[in-house]
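# An overview of the molecular structure
Each chain is listed here by its residues.
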Amino acid sequence: MQASMGATVMKVSLLFDDDIVQFALQDNPTARDLLALVPFDVHITDFGQREAIGFLQRPLAVSGPLTKDLSIGDLAYFPKGPYLSVFHNDQRPIIPTSGAIIVGRAICGLGNLAFYDGVSATMMSAVISPNQPSHHRPFAEAV
């Protein structure tokens, strides 16, 4: 699922009423299990004005070590929730002692998350070829 020369990248999009946040998925069992759930609706809550979280309907497969090394834009899965989290603010993330698995990285629309709290969104899948033109600004410009 990670891009190599000419490879297809697996992506998911978090759709709000008028906004979208798009993520490129990692190639790991947890990300593949997340992809198997889509499409699904998720209630988004802003936590501490630094991260958007959404609880999942069931736990995802956990394989490999948990990490506390998260960056703004990482789509992280916290198995103790189970919930997904995306840090969208430049405050230093406070990571629970259990840690998380990184399942993806925001590639556009990350700044949109700061405007949503207590709303429903839909997680959808998308497969995009690296040669396909994008209608979204790159991640560096979208934050």
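Residues numbered from 1 in each chain as written. Predicted model: local features only at pLDDT ≥ 70, side-chain atom pairs only at ≥ 80, totals over all residues. Heavy atoms only, no water.

This part takes up the packing of aromatic side chains. The final tally for this structure, using the stated rule, is three aromatic pairs. A connected cluster of aromatic rings, assembled from ring pairs, spans F55, F78 and Y83. (Phe/Tyr/Trp six-rings, centres within 6.5 Å; stacked < 30°, edge-to-face > 60°.)

Within strand 2 (residues 20–25), five of the six residues are buried, which leaves it mostly tucked inside the rest of the structure. In textbook terms, the turn of a hairpin is the stretch between consecutive antiparallel strands, and for strand 1 (residues 9–15) and strand 2 this stretch comprises four residues. Two elements, strand 2 and strand 7 (residues 101–108), share four bridges in a ladder whose sense is antiparallel. Residue pairing for strand 7: A24 is matched across the bridge by R105. (Buried < 20%, exposed > 50% of the residue type's maximum accessible area, 1.4 Å probe, protein only. Helix = DSSP H or I, 4+ residues; strand = E, 2+ residues; numbered from the N terminus. Pairing = 2+ DSSP bridges.)

This part covers the side chain of T30. Residue position: T30 is located in helix 1 (residues 29–37). The contact partners of T30, leaving out residues within four places of it in the chain, are L60, A61, V62, S63, Y77, I101 and V103. (Contact = heavy atoms within 4.5 Å.)

Moving on to the pattern of salt bridges. The tally for this structure, following the rule as stated, stands at four salt bridges. Put simply, D74 and R105 hold a salt bridge, and the shortest N to O gap is 3.3 Å. Taken as a pair, D74 in strand 5 (residues 74–78) and R105 in strand 7 lie far apart in primary sequence, 31 residues in all. (Salt bridge = Lys/Arg side-chain N within 4 Å of Asp/Glu carboxyl O.)

Attention now moves to unusual backbone geometry. Going from V38 to P39, the amide bond is cis rather than trans, its omega being 0 degrees. With respect to the helices and strands, P39 occurs in the loop between helix 1 and strand 3 (40–47). The step from G81 to P82 runs through a cis peptide bond, and the omega angle for that step is -10 degrees. Take P82: it is sitting in the loop between strand 5 and strand 6 (83–87).

Let's shift gears to the pairing of strand 1. Taken across its seven residues, strand 1 has six buried, putting it largely inside the fold. For strand 1 and strand 2, the ladder comprises five bridges, and the chain directions are antiparallel. Bridge pairing in strand 2 places S13 opposite Q22.

This brings us to the confidence of the model for the protein. Per-residue confidence for the protein averages 80 on the pLDDT scale, and 77% of its residues sit at or above 70. Taken as a whole, residues 1–6 scores under 50 in pLDDT and shows 12 contacts with residues more than four places along the chain or in a different chain. Every residue in residues 129–143 scores below 50 in pLDDT, and together they form 24 contacts with partners more than four places removed in sequence or on other chains. (pLDDT = per-residue confidence, 0-100.)

A separate point is the nonpolar core. Counting residues in each nonpolar core, the largest one holds 30 residues, and the members touching the most others are L14 and L75. In terms of residues, this core owes the most to one element, helix 1, which gives four residues. In this view, L14 contacts D19, I20, V21, F23, V42, I44, L113, A121, T122 and M123; residues no more than four positions away in its chain are not counted. I53, A76, F87 and A100 belong to the second largest nonpolar core, which has seven residues in total. (Core = buried A, V, L, I, M, F, W, Y, C linked by side-chain atoms within 4.5 Å.)

Our focus in this paragraph is the side chain of H88. Mapped onto the elements of the fold, H88 is located in the loop between strand 6 and strand 7. Looking at H88, the relative accessible area reads 15%, which means it is buried. Polar side-chain contacts of H88 include one of 2.9 Å to the side chain of D46. Non-local contacts of H88, meaning those with residues more than four positions away in its chain, are made with D46, Q49, R50, E51, A52, I72, L110, L113 and A114. (Polar contact = N/O pair within 3.5 Å; in protein donor to acceptor, adjacent residues only side chain to side chain.)

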